[in-house]
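# An overview of the molecular structure
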Amino acid sequence: MAVRPPGDDSDPDHIEFGIAALAARLEEADIEYPATADEICAAIDNTEVPYDGSGNTLELREGLSELETERFQSEAQLLEEIHPVFERHRRAGGGLIDRIRGLLPF
């Protein structure tokens, strides 16, 4: 196992998905709240958001269409409301092999 140099905070084994991946993209985007789903999608470069560690993705517009809210007052509201959508897709996605692979540490 390799040792990272001092001061190196990068984690090559760390994969962001779901809310963490979306939050990172929202931080990079130029969005002024309140914002509509269309405005949010237009401001984000890559709207295919991974929802699990296997790399399965959900198109952000599709995820937002599952919500009743059309206008989000803040990033926090957006993340809170879309979180269950990512969780539903994560639970429903993949077969038995993907579920077993998700449990393994490699």
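If you're wondering where the values come from, they're calculated on a predicted model, not measured in any experiment. (Residues numbered from 1 in each chain as written. Predicted model: local features only at pLDDT ≥ 70, side-chain atom pairs only at ≥ 80, totals over all residues. Heavy atoms only, no water.)

## Things to note about the overall build of the protein chain
What counts here: Helix and strand assignments come from DSSP, with helices taken as H or I runs of at least 4 residues and strands as E runs of at least 2, each series counted from the N terminus. Any pair of residues with heavy atoms lying within 4.5 Å of one another is described as a contacting pair. Computed with the Shrake-Rupley method and a 1.4 Å probe, the accessible areas treat only the protein chains shown as cover for residues.
Scanning the protein chain for helices and strands turns up 5 helices and 4 strands. Element order for the protein chain, N to C, with α for helix and β for strand: α-β-α-β-β-α-β-α-α. Within the protein chain, contacts between residues at least 6 apart in sequence are counted, and of these 51% link residues at least 24 apart. For the protein chain, the accessible area works out to roughly 7300 Å², and carbon and sulfur atoms hold 51% of it.

## Brief notes about the nonpolar core
The cut-off we apply is this: Put simply, buried Ala, Val, Leu, Ile, Met, Phe, Trp, Tyr and Cys residues joined by side-chain atoms within 4.5 Å make one nonpolar core. Remark: exposure states derive from per-residue accessible area (1.4 Å probe, protein chains only) relative to the maximum for the residue type, with buried under 20%, exposed over 50%, and partly exposed in between.
Formed by 23 residues in total, the largest nonpolar core has its most connected members in Leu22, Leu26, Ile40, Leu60, Leu64 and Ile82. Listed by contribution, the elements that provide at least two residues to this core are α1 (19-28), α2 (37-43), α3 (60-65) and α4 (75-92). Once residues within four sequence positions are removed from consideration, Ile40 is found in contact with Leu26, Ile31, Tyr33, Ala35, Leu60, Phe72 and Leu78.

## What to know about the environment of Leu58
Relative to the elements of secondary structure, Leu58 occurs in strand β3 (residues 57-59). With sequence-adjacent residues up to four places away left out, Leu58 is seen in contact with Thr47, Glu48, Val49, Tyr51, Gly63, Val85, Phe86 and His89.

## A short note on the confidence of the model for the protein chain
As a reminder of what qualifies: Here pLDDT means the predictor's own confidence in every residue, given as a number from 0 to 100.
Per-chain confidence: the protein chain averages 84 in pLDDT, with 76% of residues scoring 70 or above. In this model, residues 1-8 is a region of pLDDT below 50 whose contacts with residues beyond four sequence positions or in other chains number 3 contacts.

## What about the side chain of Thr69?
Definition in use: Under this definition, polar contacts are N or O atom pairs within 3.5 Å; protein pairs additionally need one hydrogen-donor-capable and one acceptor-capable atom, and for neighbouring residues in sequence, both atoms have to be side-chain atoms.
Following the sequence through the fold, Thr69 ends up in the loop between α3 and β4 (71-72). Among the polar contacts made by the side chain of Thr69, one reaches the side chain of Glu81 at a distance of 2.5 Å.

## What about the pattern of salt bridges?
Quick note on the threshold: For salt bridges, the criterion is a side-chain nitrogen of Lys or Arg within 4 Å of an Asp or Glu carboxyl oxygen.
If you walk through the whole model with that rule in mind, you get 4 salt bridges. The closest approach of N and O atoms between Arg91 and Glu87, which form a salt bridge, is 3.9 Å. Pair noted here: Arg91 and Glu87 are both in helix α4, with a separation of 4 residues, about one helical turn. Connected through shared salt-bridge partners, Glu87, Arg90 and Arg91 make up one network.

## Brief notes about a negative patch on the surface
Rules: Each patch is built from residues lacking any salt bridge and having more than 30% relative accessible area; the joining distance is 9 Å for like charges and 5 Å for nonpolar side chains (Val, Leu, Ile, Met, Phe, Trp, Tyr). His is not counted, nor are the chain ends; Lys and Arg add positive charge and Asp and Glu add negative charge. Lys charges are placed at NZ, Arg charges at CZ, Asp charges at CG and Glu charges at CD.
Together, Glu16, Glu27, Glu28 and Asp45 give the surface a local cluster of negative charge. Since its relative accessible area comes to 63%, Glu27 is described here as exposed.

## A short note on α4
For clarity, the cut-off: By definition here, a helix of n residues has an expected span of 1.5 Å times n minus one. Bend, at a single residue, is the angle you get between axes fitted to the 7 residues ending at that residue and the 7 residues starting at it.
The end-to-end C-alpha distance of α4, which contains 18 residues, comes to 26 Å, matching closely the 26 Å that a straight helix rising 1.5 Å per residue would cover. Along α4, the largest kink reaches about 30 degrees and is centred on Ile82; proline Pro84 follows within four residues of it. Taken together, the buried positions of α4 are Leu78, Leu79, Ile82, Val85, Phe86 and His89. Taken together, the buried residues of α4 touch α1, α2, β2 (48-50), β3, α3 and β4.

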